[in-house]
Amino acid sequence: KQEVTQIPAALSVPEGENLVLNCSFTDSAIYNLQWFRQDPGKGLTSLLLIQSSQREQTSGRLNASLDKSSGRSTLYIAASQPGDSATYLCAVSGTYKYIFGTGTRLKVLA
Amino acid sequence: GAGVSQSPSNKVTEKGKDVELRCDPISGHTALYWYRQRLGQGLEFLIYFQGNSAPDKSGLPSDRFSAERTGESVSTLTIQRTQQEDSAVYLCASSLDPEPNYGYTFGSGTRLTVV
């Protein structure tokens, strides 16, 4: 059974810092991995999708890497801003459905 | 439509009543998923639709929960005889195909409160 763990559970940083969020999963037989952002009381917004054949994806200040063999992904946020404050979720897919981690709650202080 | 639409956005109901939650996926998306997120918890998978059929209902917590999808479009999640533990945000997502190589697009969710 696939299990997804995210560390740390919560993180508070000053504005401008570069930071790394971690995601680990127990079964390396995945199709892809997707990082989402969730603002309080809102749904999930897709940030980056990494196919199993890829090693990383970039969008603006975000970079996500995937190492299937070790069951790990990292989300790198450069030059963090207060607007980045949210919960970040990673999800890994088997044949058709995603299994989600419990998220990292990020607060960027102005 | 342009995105996944869920209604209502908020629902307060009395214990024991039935509720219906609606999801309108992105046009052309054949796969549709329901998840539940309790306060402070992660997302729990409920059910997956491919077209009008539901190959995986393994996440439905009890027989009080049911879902249907008509016309490869709108889906309805019904909770009968609601209990306080049903209070959660119910999220719907759709994907272009069943193997989520295109990833999920989520709706904004329905916040259900059972009092």
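Residues numbered from 1 in each chain as written. Chains lettered and ligands numbered in written order. Predicted model: local features only at pLDDT ≥ 70, side-chain atom pairs only at ≥ 80, totals over all residues. Heavy atoms only, no water.

Draft legend 1. Region of the structure containing the overall build of chain B. Each helix and strand counted, chain B has 0 helices and 11 strands in total. The C-alpha radius of gyration computed for chain B amounts to 13 Å, which stays within 12% of the reference 13 Å derived for 115 residues, consistent with globular compactness. Principal-axis analysis of the C-alpha atoms places the extent of chain B at approximately 40 × 25 × 25 Å. Here chain B holds 115 residues, and the buried ones make up 47% of them. For chain B, the proportion of contacts with a sequence separation of at least 24, taken over those separated by at least 6, is 55%. For chain B, the accessible surface area stands at approximately 5300 Å², while carbon and sulfur atoms represent 43% of it. Looking at chain B, you have 11 positive and 13 negative side-chain charges, and the mean spots of the two groups are 7 Å apart. (Helix = DSSP H or I, 4+ residues; strand = E, 2+ residues; numbered from the N terminus. Rg over C-alpha atoms; globule rule 2.2 N^0.38 Å. Buried < 20%, exposed > 50% of the residue type's maximum accessible area, 1.4 Å probe, protein only. Contact = heavy atoms within 4.5 Å. Areas by Shrake-Rupley, 256 points an atom, 1.4 Å probe, with all protein chains shown as cover. Lys, Arg positive; Asp, Glu negative; His and termini not counted. Charge placed at Lys NZ, Arg CZ, Asp CG, Glu CD.)

Draft legend 2. Spotlight on unusual backbone geometry. Note that the residue after Ile7(A), namely Pro8(A), is joined by a cis bond; omega there is 0°. Inspection of the secondary structure puts Pro8(A) in the loop between β1 (4–7) and β2 (10–14). Pro8(B) follows Ser7(B) through a cis peptide bond whose omega is -10°. Following the sequence through the fold, Pro8(B) ends up in the loop between β1 (5–7) and β2 (10–13). Although it is not a glycine, Ala79(A) adopts a positive phi angle of roughly 50°. Among the structural elements, Ala79(A) can be located in the loop between β8 (72–77) and β9 (86–93).

Draft legend 3. Structural detail: the nonpolar core. Among the nonpolar cores identified, the biggest contains 22 residues, and Leu33(A), Trp35(A), Leu75(A) and Ile77(A) are the most heavily contacted of them. Contributing elements (two or more residues each) for this core: β3 (19–25), β4 (32–38), β5 (44–51), β7 (62–67), β8, β9 and β11 (104–109) of chain A. Of all hydrophobic cores here, the second largest spans 19 residues; its members include Val4(B), Cys23(B), Ala88(B) and Leu112(B). (Core = buried A, V, L, I, M, F, W, Y, C linked by side-chain atoms within 4.5 Å.)

Draft legend 4. Structural detail: the packing of aromatic side chains. Applying the stated rule across the entire model yields 13 aromatic pairs over all chains. Geometrically, the ring pair formed by Tyr104(B) and Phe106(B) is edge-to-face, given 5.7 Å between the ring centres and 65° between the ring planes. Ring pairing ties together the aromatic residues Phe36(A), Tyr98(A), Phe100(A), Tyr33(B), Tyr35(B), Phe45(B), Tyr48(B), Tyr104(B) and Phe106(B), which thus form one cluster. (Phe/Tyr/Trp six-rings, centres within 6.5 Å; stacked < 30°, edge-to-face > 60°.)

Draft legend 5. Representation of the pairing of β11(A). Residue and element names in this part refer to chain A. Only one face of β11 is covered, namely the face carrying Thr104, Leu106 and Val108; the face carrying Arg105, Lys107 and Leu109 is uncovered. By the bridge criterion, 5 bridges tie β2 to β11 in an arrangement that is parallel. Considered in β11, the bridge of serine 12 is made with lysine 107. Relative to β11, β9 runs antiparallel, the two being bridged by 3 bridges. The partner of alanine 86 across the bridge, within β11, is leucine 106. (Pairing = 2+ DSSP bridges.)

Draft legend 6. Structural context of the interface of chain B and chain A. Contact residues are listed per partner, giving 21 residues for chain B and 20 residues for chain A. At the boundary of chain B with chain A, total buried surface from both sides reaches about 1600 Å², with 55% on carbon and sulfur atoms. Linking chain B with chain A are 1 salt bridge, by the criterion used here. For the pair chain B and chain A, the interface holds 5 residue pairs in polar contact (both at pLDDT 80 or more). Looking at the side of chain B that touches chain A residue by residue, the class counts come to 11 nonpolar, 7 polar and 3 charged. (Buried area = accessible area lost by both parts, 1.4 Å probe. Salt bridge = Lys/Arg side-chain N within 4 Å of Asp/Glu carboxyl O. Polar contact = N/O pair within 3.5 Å; in protein donor to acceptor, adjacent residues only side chain to side chain. Nonpolar A, V, L, I, M, F, W, Y, C, P; charged D, E, K, R; others polar.)

Draft legend 7. Highlighting the layout of surface pockets. Estimates place the volume of the largest pocket at around 780 Å³. Taken together, 34 residues make up the lining of the largest pocket; nearest its centre are Gln38(A), Pro40(A), Gly41(A), Gln37(B) and Arg111(B). Listing elements by their share of the lining of the largest pocket, those giving two or more residues are β9 and β11 of chain A together with β9 (88–95) and β11 (110–114) of chain B. Tallied by class, residues from the lining of the largest pocket come to 10 nonpolar, 19 polar and 5 charged. The computed volume of the second largest pocket comes to approximately 260 Å³. The wall of the second largest pocket is formed by Lys1(A), Gln2(A), Glu3(A), Val4(A), Thr5(A), Tyr98(A), Ile99(A), Phe100(A), Tyr35(B), Leu43(B), Glu44(B) and Phe45(B). Among the elements of the structure, β1 and β10 (98–100) of chain A together with β5 (43–50) of chain B are those that each provide at least two residues to the lining of the second largest pocket. Of the residues in the lining of the second largest pocket, the class split is 7 nonpolar, 2 polar and 3 charged. (1 Å grid on protein atoms, 1.4 Å probe; cavity = no way out; pocket = protein on both sides within 12 Å on 5 of 7 lines; lining within 4 Å. Points joined across faces, edges and corners; volume = space filled by probe spheres on them.)

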